[in-house]
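# Residue-level structural notes
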Amino acid sequence: MQQTSTTMRETVQQVWKKRPMIISGPCSAETEEQVLETATRLAKTGKVDILRAGIWKPRTRPGSFEGIGTKGLPWMQQAKKITGLPVTVEVATAKQVEDALTFDVDVLWIGARTTVNPFSVQDVADALRGVDVPVLIKNPINPDLELWTGAVERVAKAGIKQIGLIHRGFSSYGNTEYRNAPMWHLAIEMKRRNPELLMINDPSHISGRRDILLDVAQKAIDLDMDGLIIESHIDPDKAWSDAKQQITPERLGEMIGQIVWRKEDINSEEFHAALEKLRQQINHLDDELMQILSQRMSIAEKIGEYKKNNNITILQTNRWNEILERAFKKGEKLNLSKEFITKYFDAVHMESINHQNKIMNS
């Protein structure tokens, strides 16, 4: 099913506008047979819009499989010819950009380990100057929206018009449930800042394992993500990299069918009237919360004055533990999670400390 380059460009343009957009393929291209069989079986599902495979694999430690390299690019080119689907690979250097484009890769993505380094992003952006190719940018490994934003700006300044975002989760101390903590609030904030950019979710790298893949994918769609990028392998348990998070093409097809694809909006006056009424209630409660928080800060300032006059430190750990324990007991009765209570009181506590610190130094 060979397509001309012009026809493929048109296909890519259509796919870029499609919602949801589904990208799938192996974590790593291992052999030509593996790439082609995976691509063929994915195409048969009718659920996949773009084929992916890792050609160069930046690994945390040396000695791990770091990708088959440039010799895997013709395999991707052949997979495109056989299936008629566009292909995408990760690039981290100018040479990789050049090689990928030489073999007609249709969409490029910049990985998390590259996004975290502005020098590397600039190197890739310089190589993209004058090129008409869509580019997806994964969030950096660490939870830093400015790095993510900076990568977008560098690629945009290189003249790339079609830029998308990939939310693949963040490394965080103490995280045990996920391979990379989703930190959904950061993805939501990035989407809020850049509503015009495509935002797709990478449940494979967030999950790190198959059993929660569907749950993460559903959460992403519920949060109005524009699509998913999911790793698929013909024999996941024998994959050369990230075996635990990959699924077969057939399972991918089943999973996509199990997801509840929600709409952002519906054309119903009754729905909008009911929603607006509830939103007004939220607005009213938010106004009350702001008033109460303002009153709380005023009291915190008075406490700061007493501490200053009596030469007492701002932070008193026992008192802070007492506040949290009291809040946990109250929150349990109100069906509020400890995680929410901790985050809320951490923010309020830091604001109180800042207010008291100004008084101490005035």
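Everything discussed here concerns the structure shown above.
These remarks concern the structure in this document. All values reported here derive from a predicted model rather than from experimental measurement.

## Regarding the environment of Ile-50
As for its position among the elements, Ile-50 is in strand 2 (residues 50–52). When the C-alpha atoms of Ile-50 and Thr-88 are compared, they prove to be 7.0 Å apart, with 38 residues separating the residues in sequence. Among all residues touching Ile-50, those that are not within four sequence positions of it are Val-15, Met-21, Ile-22, Ile-23, Ser-24, Pro-86, Val-87, Thr-88 and Val-107.

## What about the layout of surface pockets?
Taken as a whole, the largest pocket spans an internal volume of roughly 760 Å³. Taken together, 25 residues make up the lining of the largest pocket; nearest its centre are Arg-296, Arg-319, Trp-320, Ile-323 and Phe-345. Among the elements of the structure, helix 12 (269–309), helix 13 (317–333) and helix 14 (338–360) are those that each provide at least two residues to the lining of the largest pocket. Among the elements that line the lining of the largest pocket, the one with the most residues is helix 14, at 8 residues. Within the lining of the largest pocket, the residues separate by chemical class into 15 nonpolar, 5 polar and 5 charged.

## Here we look at the packing of helix 7 (residues 145–157) against helix 8 (residues 184–193)
Look at helix 7 against helix 8: their axes get within 11 Å of each other, and the N-to-C directions meet at 40°. Classified by the angle their axes make, helix 7 and helix 8 are oblique. Where helix 7 crosses over helix 8, the handedness of that crossing is right-handed. Two secondary-structure elements touch here, helix 7 through Leu-145, Glu-146, Trp-148, Thr-149 and Val-152 and helix 8 through Leu-186, Glu-189, Met-190 and Arg-193. The class makeup of the residues in the contact of helix 7 with helix 8 is 5 nonpolar, 1 polar and 3 charged.

## Observations concerning helix 14
Because each turn of an α-helix spans 3.6 residues, side chains separated by three or four positions end up pointing in the same direction. Between its first and last C-alpha atoms helix 14 spans 32 Å; for 23 residues at 1.5 Å apiece the expected length is 33 Å, and the two agree. The inward-facing, buried residues of helix 14 contact helix 12 and helix 13.

## So, empty space enclosed by the protein
Counted by the stated rule, this structure contains 1 cavity of 30 Å³ or more. Considered as a void within the structure, the largest cavity measures approximately 40 Å³ in volume. What lines the largest cavity is simply Ser-24, Gly-25, Pro-26, Val-35, Thr-38, Ala-39, Leu-42, Leu-51, Arg-52, Met-76 and Ala-79. Sort the elements by how many residues they give to the lining of the largest cavity and helix 2 (residues 32–45) lands first, with 4 residues. A class-by-class count of the residues in the lining of the largest cavity yields 7 nonpolar, 3 polar and 1 charged.

## As for unusual backbone geometry
The step from Arg-19 to Pro-20 runs through a cis peptide bond, and the omega angle for that step is -5°. With respect to the secondary-structure elements, Pro-20 resides in the loop between helix 1 (5–17) and strand 1 (21–25). You will see that Asp-104, though not glycine, has its phi angle at about 60°, which is positive. Mapped onto the elements of the fold, Asp-104 is located in the loop between helix 4 (94–102) and strand 4 (107–110). Of note, the phi angle at Asp-242 is positive, near 50°, even though the residue is not glycine. Counting through the fold element by element, Asp-242 comes out in the loop between strand 8 (227–231) and helix 11 (249–258). A relative accessible area of 14% means that Asp-242 is categorised as buried.

## Quick word on the packing of helix 2 against helix 11
The interhelical angle for the contact between helix 2 and helix 11, taken along N-to-C directions, is 25°, at an axis separation of 8 Å. Regarding the angle of helix 2 to helix 11, the classification is roughly parallel. Helix 2 and helix 11 meet at a crossing whose hand is right-handed. Packed against helix 2, whose contacting residues are Thr-38, Arg-41, Leu-42 and Thr-45, the element helix 11 presents Pro-249, Glu-250, Leu-252 and Gly-253 at the interface. Considering only residue class, the contact of helix 2 with helix 11 consists of 3 nonpolar, 3 polar and 2 charged.

Rules of the game
- Residues numbered from 1 in each chain as written.
- Predicted model: local features only at pLDDT ≥ 70, side-chain atom pairs only at ≥ 80, totals over all residues.
- Heavy atoms only, no water.
- Helix = DSSP H or I, 4+ residues; strand = E, 2+ residues; numbered from the N terminus.
- Contact = heavy atoms within 4.5 Å.
- 1 Å grid on protein atoms, 1.4 Å probe; cavity = no way out; pocket = protein on both sides within 12 Å on 5 of 7 lines; lining within 4 Å.
- Points joined across faces, edges and corners; volume = space filled by probe spheres on them.
- Nonpolar A, V, L, I, M, F, W, Y, C, P; charged D, E, K, R; others polar.
- Axes fitted to C-alpha atoms, helices over the stretch in contact; angles between N-to-C directions.
- Parallel < 35°, antiparallel > 145°, perpendicular 65-115°, else oblique.
- Left-handed = near helix turned anticlockwise from the far one by under 90°.
- Expected span 1.5 Å × (residues − 1).
- Buried < 20%, exposed > 50% of the residue type's maximum accessible area, 1.4 Å probe, protein only.

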